[in-house]
Amino acid sequence: MLTTPIIIVLAIVCFAIVLFITEWVEIDVTAMLVMVLLLISGILTPAEALSGFSHEGTITVFALLLLSLGLQSTGVVNWIGNKMERITGTRELRMMTVLSTVVAFASAFVSNTAVVAILLPVVDRLAKFANVSASRLLMPLSFAAMIGGSITLIGSSTNIIVSSIHERHTGEPFGVFEFASLGLILFLGYLIYLFAFGRLIIPDHKQEDGLTKQYELESFLSQVVVNPDSPLIGKHILSTSLVTRHRVLVLNIIRDGTNVWLPDQVEKVEVNDVLVIKSRADVLLSLQNQLKLQIVKDVDLDDKELTSEDAVLIEAVIGRNSFLVGKTISKVDWRHMFSAIPLALRRSGAPVSIRVRESVIQFGDVILFEARRSKLHLFHNSPDFIVLGRVKKQNLRKDKIFISCAIVIASILCAALGIFPLVTAALLGCVLLLLTGSVSMRYVYRKMEWRIYFLLAGILPLGIAIEKTGASKLLAKSMLMALGDASPALIISVLFLLTTVLTSFISNNATAILLAPIAIDMATSMNLDPKAYLVAVMFAASTSFLTPLGYQTNMLIYGAGQYKFSDFVKVGGGLTLLVWLLASYFIPKLYL
């Protein structure tokens, strides 16, 4: 029966899905909004609405992320990445195989998003060394990380959440390696797909020689000479109308045969200065007479003219937790904070070279900077960027590597052998990492995926509301009626497909939380163990190959690989079909 509480909850669900898809607001903000709506509507009590913050699943995810940070801070993952360089060789198929295997193994025990973020510059460098397009390797990097994260319970936050929901209903959590057999089957299927078909259709986006060509900057770069009667003479370059009013970027001043790279506030304009600038042609022509500037003709500016002993062009990917996300480029003091100037950006695989200043920075954007060589450490040491083309120097803390690895392995074994519940083992490992100095709280505060914590804390109450109001029973009954006398195996197959489609456009965690209660009620209505149904939801939500939107690792490689949306549909579509068929066959065989 469609009651008022059910109508309210379903309206909130639809509202949340729209916000997740459109991203009008950040997904963690959407989750908080959902929690508040459930609270003020009276659907949930304050204790129920706030329970997500102390939910066992949320705390377990937080603890496992901290364990991952312990391995990162001691340099273990970087060490793996650098060792991988020695065995990949230069043959493309071998590179894909080694990369996929190493990444899948690492992602089974460490946050797959962290693995991809750390290995992104490694893969970029490997591609250049082997003269292979980075786009040929980055998609296997992301896909292997997703499948690897499904091999163990601790490989994905989605696994933890679904396990906690299962425990709440049955009293039994999932085992750490309970799904390793299915995960390995899917990984083997992925490798076969990659060898037989995937590698033939993975896009080969050949990069133009030079970053200025890749970002289509040539037509915006010019040299102008300051005439003796120019009103700019004697003024600080960054205070002139050329910069403040007309938004022209001054990259370099050539004066008496010497270069003043990335001129700062104290630099004054002198007669016959040659300014290397970035500007639209129509703006430059209008300023020629107004500011008494002489355009230098027949000069082609490329990477060589923008690179010297003092300055260099670099590409940096914006990370998920970057404080820059949501900020307008013109509102960031790049010169002061990073000694750099943003020249262009690449978003959704396409370069954006005009109106860059007005662009709002998004997760996964790749920004092209001209930066001072002496200040590059500001980029490499920042948690806000993943710098391409150069691998960060190994920060191996040899005295802590063994300790951190031993603690993490012991925590996993304690959970796997049933000595402690997973949340207890993970928290114990966190405390030991902190006490031994393997990781510091300052590092944790800076690197932690806080977005995931608030997303889970806000959206978990929605799952409670779906169950409490009876919405899950109503939806489960409606789905079963629509499927008629379908077998449990067919229902699991449909549930997997539904989850796959939904998680392609909204957060994988949100999808799992929405569909898990429905899956449980469907199984209960048929007097069956809900485990197989929840496994279908869990695996489908953790393996989102179809679009770049469904999983963070896809967003990280989206711009860096110069992919189009259709590239994911083309390559990920076939893999999604294969995983769906394999899961539809093996989940009922293994867990029903």
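To be clear, the structure that these remarks concern was listed above.
Just so it is clear, the structure is predicted and the values come from calculations on it, not from any experiment.

**Let's talk about the packing of aromatic side chains**
In this description, a pair of aromatic rings is defined by centroid distance and the angle of the planes.
Thought 1: Tallied over the full model, the rule gives 23 aromatic pairs.
Thought 2: For the pair Phe-143 and Phe-545, a centre-to-centre distance of 5.0 Å together with 70° between the ring planes defines the contact as edge-to-face. With a gap of 402 residues between them, Phe-143 in helix α9 (residues 135-149) and Phe-545 in the loop between α24 (531-542) and α25 (552-560) connect regions that are remote in the sequence.
Thought 3: For Phe-143, a relative accessible area of 3% gives the class buried.
Thought 4: Ring plane angle 85° and centroid distance 5.1 Å describe the contact between Phe-338 and Phe-385, whose orientation is recorded as edge-to-face. Taken together, the positions of Phe-338 in helix α15 (residues 334-338) and Phe-385 in strand β10 (residues 385-387) put the pair 47 residues apart, joining distant regions of the chain.
Thought 5: Through a chain of ring-to-ring contacts, the aromatic side chains of Phe-53, Phe-62, Trp-450, Tyr-453 and Phe-454 assemble into a single cluster.

**Quick notes on helix α23 (residues 508-525)**
Thought 1: An ideal rise of 1.5 Å per residue puts 26 Å on 18 residues; α23 measures up with 26 Å between its terminal C-alpha atoms.
Thought 2: Its maximal kink placed at Leu-515, α23 deviates by approximately 30°, while the proline Pro-517 follows within four residues.
Thought 3: Where burial is concerned, most of α23 is hidden: 16 out of the 18 residues are buried.
Thought 4: If you check the start of α23, you find a side-chain oxygen 3.2 Å away from the backbone N of Asn-509, and it comes from Ser-507.
Thought 5: In the segment just after α23, Asn-527 is the residue with positive phi, at about 60°.

**Quick word on the pairing of strand β7 (residues 340-347)**
Thought 1: Within β7, seven of the eight residues are buried, leaving the element largely enclosed by the surrounding structure.
Thought 2: By the bridge criterion, six bridges tie β7 to strand β9 (residues 366-372) in an arrangement that is antiparallel. Paired with Pro-342 across the strands is Phe-369, a residue of β9.
Thought 3: Note: β7 against strand β8 (residues 350-352), three bridges, orientation antiparallel. For Leu-345, the partnering residue across the bridge sits in β8 and is Val-352.

**Let's talk about a nonpolar patch on the surface**
Thought 1: On the surface, Ile-409, Leu-413, Leu-417, Ile-419, Phe-420, Leu-428, Val-431, Leu-432 and Leu-435 cluster together to form a nonpolar patch covering roughly 860 Å² of accessible area.
Thought 2: For the nonpolar patch, the secondary-structure elements that each account for two or more residues are α17 (398-416) and α18 (422-435).
Thought 3: Per-element tally for the nonpolar patch: the top contributor is α18, with four residues.
Thought 4: Position of Phe-420 among the secondary structure elements: in the loop between α17 and α18.
Thought 5: For Phe-420, a relative accessible area of 33% puts it in the partly exposed group.

**Here's the deal with α25**
Thought 1: Burial of α25 is extensive: nine of the nine residues sit out of reach of the surface.
Thought 2: Of the residues trailing α25, Gln-562 is marked for its positive phi of about 55°.

**Side note on the sheet that holds strand β3 (residues 258-261)**
Thought 1: Taken in spatial order, the five strands of this open sheet run β3-β2-β4-β1-β5, and their pairing is antiparallel. In this open sheet, the two edge strands, each paired with only one partner strand, are β3 and β5 (293-295). On average, adjacent strands in this sheet sit at an angle of 30° to one another, irrespective of strand direction.
Thought 2: Pairing between strand β2 (residues 249-255) and β3: four bridges, direction antiparallel. Counterpart to Ile-254 in the pairing with β3 is Asn-259.
Thought 3: Where helix α14 (residues 281-290) meets the sheet, its contacts fall on β1 (221-226), β4 (274-278) and β5, and the angle it forms with β5 comes to roughly 135°.

Here is what the cut-offs are and how they apply
- Residues numbered from 1 in each chain as written.
- Predicted model: local features only at pLDDT ≥ 70, side-chain atom pairs only at ≥ 80, totals over all residues.
- Heavy atoms only, no water.
- Phe/Tyr/Trp six-rings, centres within 6.5 Å; stacked < 30°, edge-to-face > 60°.
- Helix = DSSP H or I, 4+ residues; strand = E, 2+ residues; numbered from the N terminus.
- Buried < 20%, exposed > 50% of the residue type's maximum accessible area, 1.4 Å probe, protein only.
- Expected span 1.5 Å × (residues − 1).
- Bend = angle between axes of the 7 residues up to and from the residue.
- Polar contact = N/O pair within 3.5 Å; in protein donor to acceptor, adjacent residues only side chain to side chain.
- Pairing = 2+ DSSP bridges.
- Patch = residues over 30% accessible without salt bridge, like charges linked within 9 Å, V, L, I, M, F, W, Y side chains within 5 Å.
- Areas by Shrake-Rupley, 256 points an atom, 1.4 Å probe, with all protein chains shown as cover.
- Salt bridge = Lys/Arg side-chain N within 4 Å of Asp/Glu carboxyl O.
- Axes fitted to C-alpha atoms, helices over the stretch in contact; angles between N-to-C directions.
- Contact = heavy atoms within 4.5 Å.

Distances and angles like these do not, on their own, reveal function.
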